[in-house]
Amino acid sequence: MCLSIPSKVVRISEDKTMCTVDTMGVQRDANLMMMDDDDVKVGDYVLLHIGFVMNKIDEEEALASIDTYKEILELMDEEQRRQTILDDDNCAERGSI
Amino acid sequence: METLELKNLYDDFRDGETIKAYAKIIAEDAAELERPINIMEVCGGHTHTIMKFGLPQLMPENINFIHGPGCPVCIMPKERIDHAYVLAMQPDVILVTLGDMIKVPGSNGSLQDARSKGADVRFVYSPMECLKIAEENPDKTVIFFAIGFETTTPMTAVLLDQVIKQKVPNILFHINHVTVPEVMKELIDSRDIHVDSYNNKIDAFLGPSHVSVISGAKIYEAFPRDYGRPVVVSGFEPVDVMEGISMIVKQFVEKRCELEVQYKRVVTYEGNLNSQKLMNTYFDKVSLFRWRGLGNVPDSGLKLKEAFADYDAEVVYKDVLPIAEIEDHKLCICGDILRGMAKPPECTIFGTACKPTTPIGSCMVSSEGACAAYYKYGNLI
Ligand code: SF4
Ligand code: SF4
């Protein structure tokens, strides 16, 4: 299932094609090539889809939804949490609208 | 500590007080409606949420859901799947695609069948994986069978952009990208002509959200303005969907007809401008794309621009690709289902000859398809 959990950008590659994002404690890389060069900065919240940053998320809205997700994720153990966060972006049916 | 099942956790959270609160608001507002309203969710992601969380049961009698055509796998006509099959069977080809595509039956079989006959068919999570596959297989041609709506089109454009910039010699594209507003128009027009089993029409749309992240809410402007149909762009969580429906009902009660965004956390009016630019660089509209079950929908498909014909598998392999249009199994009513004119249990072979393990039509193959959702969640309304 797709929670569309907001991810926070923690690092941007020199050529600005890739970034590392932190999704509630789980880090992974995402492709930045759908965004304009200076669109995304370290500290911004973004939405991922099949390995790409699709767009920025309004910070206030991002924080509010993260609070909701936290409640769910806090109830899980470490491994479950990691898997859920990865699954959120790895959904096999992606490619859908 | 007892380990919590993920599924129960979601169910608890998503089936919570907020959903019930919205159900109450919707019921109160709906009591003021002069006539029942039919809301079409265009996107398969929404259909899934609606069925999974049993939202139809939470609706008052005068609010009806109509499922739309929003799954890229469901709408793929057999002849396109045959293209993929034929391409996969060519010597020295690696065919790469996303999602459930691999299971959909074409007239010779599915891509899975092609694979069991020795074809190299791969399923990737991200189109960018094609770059690696191409690099590791320099003596093969990698063909990316691109599917999806506006959501995934820019990713295909980024891949092509990289193929050109990095001068990758062995990646080709077979483009099956389609666009949402055109099919929404087609549905309104054709349903105004056809009289369906409910004799109803589409009164409002729950707008797809990921499409709108890319293309912006602006793509739905024409619906309230020219067609008198409100559109509310909503997120995928059950709470998002309930809020979206509540916003639609409010519009009817207050006699408004507008484009609104429920999913404000990611959807803007303009969308992702850079992605739109990328799509415009590489793609042109095709004047007709045949949708499975819906027939030809004007301006609803994309193809590579002429300047990029060298990368177009449809051009490069045109001598081997079949051109005939292929109809569906005669008992399969996916066409009506995709048009929102019938519900899955009305199909005579639903759940008997046709089930997820032995699908006859693609609405059962794709986990986003309406038939699969009805089968899985047992909502046999
Ligand atoms: S299909 Fe799309 S919307 Fe549905 S869960 Fe997967 S990613 Fe999310
Ligand atoms: S149940 Fe199967 S055959 Fe019937 S409409 Fe759905 S996919 Fe087609």
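Structure: see above.
Definitions and limits used
Each chain has its residues counted from 1, following the order in which its sequence is written. Chains and ligands are labelled sequentially in the order written, the chains with letters from A and the ligands with numbers from 1. Local features in this predicted model are restricted to residues of pLDDT 70 or higher, and side-chain atom pairs are both shown and tallied only at a pLDDT of 80 or more, whereas totals for entire chains, interfaces and linings draw on every residue. To obtain the side-chain values, all non-hydrogen atoms of the structure were included, while hydrogens and water were left out. The term nonpolar core refers to a set of buried residues drawn from Ala, Val, Leu, Ile, Met, Phe, Trp, Tyr and Cys, joined through side-chain atoms within 4.5 Å. In this scheme, a residue with accessible area under 20% of its type's maximum is buried, one over 50% is exposed, and one in between is partly exposed, where area comes from a 1.4 Å probe on protein chains only. Counting from the N terminus, the helices are DSSP H or I runs at least four residues long and the strands are E runs at least two residues long. Each domain's extent is set by a domain assignment, obtained either automatically or from a database. Contact between two residues is taken to exist if any of their heavy atoms lie within 4.5 Å; hydrogens are not considered. Between any two strands, pairing holds if DSSP finds at least two bridges. We define proximity as follows: a residue is near a molecule or strand when any one of its heavy atoms falls within 4 Å of that partner. Classes in brief: Ala, Val, Leu, Ile, Met, Phe, Trp, Tyr, Cys and Pro nonpolar; Asp, Glu, Lys and Arg charged; the others, Gly included, polar.

J.: Explain the nonpolar core to me, please; I cannot follow it from the model alone.
T.: Among soluble globular proteins, nonpolar side chains are generally buried collectively. Residues and elements named next belong to chain B. Among the nonpolar cores identified, the biggest contains 135 residues, and Ile-63, Leu-95, Ile-171, Phe-173, Phe-205, Ile-245 and Trp-291 are the most heavily contacted of them. With seven residues, helix 12 (residues 238-253) is the single largest residue contributor to this core. Per-domain counts for this core show at least three residues from each of domain 1 (12-330) and domain 2 (333-377). Ignoring anything within four residues of it in the chain, the contact list for Ile-63 reads Ile-26, Ala-30, Leu-33, Ile-37, Ile-39, Ile-245 and Val-249.

J.: Teacher, can you tell me more about the pairing of strand 5 (residues 52-57) of chain A here?
T.: The side chains of a regular strand alternate between the sheet's two faces. Of all the six residues making up strand 5 of chain A, five are buried; the element is thus mostly covered by neighbouring parts of the structure. Hairpin connection between strand 4 (residues 45-49) of chain A and strand 5 of chain A: a loop of two residues separates the two successive antiparallel strands, and Ile-50 of chain A in this loop has a positive phi of roughly 30°.

J.: Just to check I follow, could you spell out the site of ligand 2 for this structure?
T.: Residue and element names in this part refer to chain B. Of all residues adjacent to ligand 2, which total 13 residues, the nearest are Cys-332, Cys-334, Cys-347, Cys-354 and Cys-371. Counting only elements with at least two residues in the shell around ligand 2, the list comes to helix 15 (334-338) and helix 16 (362-365). A breakdown of the residues in the shell around ligand 2 according to their chemical character gives twelve nonpolar, one polar and no charged.

J.: Just checking my understanding: could you explain unusual backbone geometry for this structure?
T.: Comment: phi is negative for the bulk of residues other than glycine, and the bulk of peptide bonds are trans. For Lys-16 of chain A, which is not glycine, the phi torsion reads 60° and is therefore positive. Its place among the elements puts Lys-16 of chain A in the loop between strand 1 (7-12) and strand 2 (18-23). The backbone phi angle of Asp-92 of chain B is positive, close to 60°, even though this residue is not glycine. Secondary-structure assignment places Asp-92 of chain B in the loop between helix 5 (78-89) and strand 3 (93-97). On the basis of relative accessibility, which here comes to 46%, the residue Asp-92 of chain B falls in the partly exposed class.

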